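Listed below are the residues making up each chain.
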Amino acid sequence: MNHRLARAVIAALTLSLGVAPATAQAPAAKITVRDETQVPRFSYPMTTAPSAFVLADDATFAPFAAAVGADVDRTLRDYDIQDPASKRELLQAKLALQLLAHDDDGARMTLAALRAAETKADLKLLASRLALVSLDANAEAKAHPGTTAAAYDAGLESASLATLPWDVVADTIKQNYSAEQSITRDGTIGAIKHDLDPIAQKTGTLDGPAAHELVELRAQLLITMPLFATDIAALRAYIARHNVVKPDIWAGRDVTLTRAQIKAPVVIGIWDSGVDPKDYPASMYIDAAGRHGLAANDDGTPSANMLYTMPAAVTAGYAKYVALQTGRSDSQAAIDSPEAAAYLAYQKSLSADQAAAFDFALDQIGEYSHGSHVAGIAARGNPGARLAVARFDDNIDNLSFAPTVRWTERMAANFARTAAYFHANHVRVVNMSWSDDVNEFEHWFAKTDSTSDPQTRKKEAQALFALWRSAIENVIASNPATLFVCAAGNGDNDASFNVQVPASLSYPNLITVGAVNQAGDATNFTSYGPTVVVFADGFRVPSKVPGGYTVKYSGTSMASPSVANLAAKLFALDPSLTPVQARALIVNGSTPSPDGKRKLIDPKRSVALLMKHK
């Protein structure tokens, strides 16, 4: 389950780092890679905690960098990867390594290739902007003996922004502005402690993605973070000059039903991390047994609790964390609110260990609040909505125990019970704001299992993922009278290439949703691909979280329930509709995005189409 924008924001900020081009001759024919499972896996010994190793001296870090760079070069040389996002990940690692090695010419070539591989207009202009500033400053210093690169930083940073089209880059610029204000040395070390130290501690190695992250963060610490202070001023000035808020197209498209219009209540399944029934007392479904739905604990055993259970320490600080989430959302939108100021001050105050603990708390808060936030979006404007809970923890690569066949089979049995529950309780719409792929299982293995061989992990992960995928497909296939709506994912990648489930699946009663902002422009995080049929608002969407707080979250997780909301309204207006018919009304009622590349839902048009054919 992707709750954060992280990768897309960081990619635009500094991301990508690498090695000098390999000199070996390219093979006559590259190996074609049609999905993510065919990308080669690598592993690197790591006997020191990555959070310490990232700051090692150059001589100590060099052998690791060389090994990672050789594998990146070999993969780019020998494999024809049919996915721009996967190429970008490799190019980002390559660029980072070249920056660290002071290979400025090679870095410029890689940066150009990286931007060429971007599929979104804002990232074509902004990807690794500060890396380019650093390269230009180095060139100026060489051209003017007796000066240093630092003498040119501020001017180059302002120049790099001067000609950018605000309407294209606004959201990403604001997110970069927020990130540069909140990223600190200790915070970066804390993130490594949270994300990478457990892998090295368990296996004595780092796999390819973890190694790429480590070199990118080293480049951030050493190359681009020193530019933040002057760049923040440049970004602030650029935002102040251009900050015209984009128009909100969604209010004019929305439909609010009255009770008189409801022909029959509509049961909406929230297949997610749980819902707090206290948030939506008038909208909760109650089954024959007096329950609001089904729930499973992390270990797959049944639970009576419709809401995810957080550790006591996180629960005690919940109100504080909600306020910090609000501040982070404001900061990312360049809103100078008191909450944003408090969030930035808090981030800057954290030690590395405190930052790691904060990352853990945010993971827990995300899981705790996600389902309730989604439920509010799915039910709004529909007095006929009845929310049925199907709770499980999809944030599997953060589970503390190692994956096993027994656990996967237990979860598959839970999914089968969930399918039966949907059928028995006539659930018309199910929202799935989550997605999983083999990488997630591999990452889970890396953090919790001592197996260090990446090929073994890949094989074991694929076996478990096959069981997982089959169980999810069975839920959809066994409920043809239910329309399933799922999130495309927040990885800025092709959901089909990454074999994300359910986002990559094709069923007549399934619709996959990407995210755009308030103006209908693609967000920099939304995934895409042939199965992503429509797009909806997924940027700073307000809804309730447990405790009655209203917060604004961004993600395809927020776009998906907007489509589930529309589907539920169509079923409420005409209970005789089939899922295939409702899906067609949603797709056919959609309108082209400003650039013509996406279909944006239009509830008013879809309802009008329904009424026209009744």
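Treat the numbers as computed from the prediction; the structure is a model and nothing was measured. (Residues numbered from 1 in each chain as written. Predicted model: local features only at pLDDT ≥ 70, side-chain atom pairs only at ≥ 80, totals over all residues. Heavy atoms only, no water.)

1. Describing the environment of Leu399
Then comes step 1: Residue position: Leu399 is located in the loop between β7 (385–391) and α18 (405–424).
Then comes step 2: Sequence-wise, Leu399 and Asp298 are 101 residues apart; in three dimensions their C-alpha atoms are separated by 7.5 Å.
Then comes step 3: Other than its neighbours up to four places away in sequence, Leu399 contacts Asp298, Asp393, Trp407, Trp444 and Thr448. (Helix = DSSP H or I, 4+ residues; strand = E, 2+ residues; numbered from the N terminus. Contact = heavy atoms within 4.5 Å.)

2. Remarks on the packing of helix α15 (residues 318–332) against helix α16 (residues 338–349)
Then comes step 1: Two elements in contact, α15 and α16, have axes separated by 7 Å at closest approach and are oriented at 105°. Accordingly, the angle class assigned to the pair α15 and α16 is roughly perpendicular. Residue-level contacts link Lys320, Tyr321, Leu324, Thr326, Gly327, Arg328, Asp330 and Ser331 of α15 to Glu339, Ala340, Ala342, Tyr343, Leu344 and Tyr346 of α16. (Axes fitted to C-alpha atoms, helices over the stretch in contact; angles between N-to-C directions. Parallel < 35°, antiparallel > 145°, perpendicular 65-115°, else oblique.)

3. Details of the nonpolar core
Then comes step 1: Ile268, Val563 and Ile586 are the most contacted members of the largest nonpolar core, which has 74 residues in total.
Then comes step 2: The residues contacting Ile268, other than those within four sequence positions of it, are Ala378, Ala385, Arg386, Leu387, Ala388, Val427, Val429 and Ala568.
Then comes step 3: Within the second largest apolar cluster, 54 residues are counted, among which are Val68, Leu91, Leu100 and Val133. (Core = buried A, V, L, I, M, F, W, Y, C linked by side-chain atoms within 4.5 Å. Buried < 20%, exposed > 50% of the residue type's maximum accessible area, 1.4 Å probe, protein only.)

4. Concerning the pattern of salt bridges
Charged atoms that come close allow side chains of opposite charge to pair.
Then comes step 1: Per the stated rule, a full pass over the model turns up 20 salt bridges.
Then comes step 2: Notably, a salt bridge pairs Asp186 with Arg185, separated by 3.7 Å at the nearest N-O pair.
Then comes step 3: By relative accessible area, Asp186 is classed as partly exposed at 30%.
Then comes step 4: Looking at Arg185, the relative accessible area reads 45%, which means it is partly exposed. (Salt bridge = Lys/Arg side-chain N within 4 Å of Asp/Glu carboxyl O.)

5. Observations concerning the confidence of the model for the protein
Then comes step 1: For the protein, the average pLDDT comes to 93, and 95% of its residues sit at 70 or higher.
Then comes step 2: This stretch, residues 1–24, has a pLDDT under 50; its non-local contacts, to residues over four places away or in other chains, come to 113 contacts. (pLDDT = per-residue confidence, 0-100.)

6. Regarding the layout of surface pockets
Then comes step 1: Computed from the structure, the largest pocket encloses a volume of approximately 610 Å³.
Then comes step 2: Looking at the largest pocket, it is lined by 29 residues, and the ones nearest its centre are Asp248, Gln518, Asp537, Phe539 and Arg540.
Then comes step 3: For the lining of the largest pocket, the elements supplying multiple residues, two or more each, are α9 (166–182), β11 (532–537), β12 (541–545) and α21 (556–573).
Then comes step 4: In terms of residue count, the dominant contributor to the lining of the largest pocket is α9 (4 residues).
Then comes step 5: Among the residues forming the lining of the largest pocket, the class breakdown is 15 nonpolar, 4 polar and 10 charged.
Then comes step 6: Residue assignment for the lining of the second largest pocket shows that the elements contributing at least two residues are α6 (121–126), α9 and β11.
Then comes step 7: Of all the elements, α9 adds the most residues to the lining of the second largest pocket, at 5 residues. (1 Å grid on protein atoms, 1.4 Å probe; cavity = no way out; pocket = protein on both sides within 12 Å on 5 of 7 lines; lining within 4 Å. Points joined across faces, edges and corners; volume = space filled by probe spheres on them. Nonpolar A, V, L, I, M, F, W, Y, C, P; charged D, E, K, R; others polar.)

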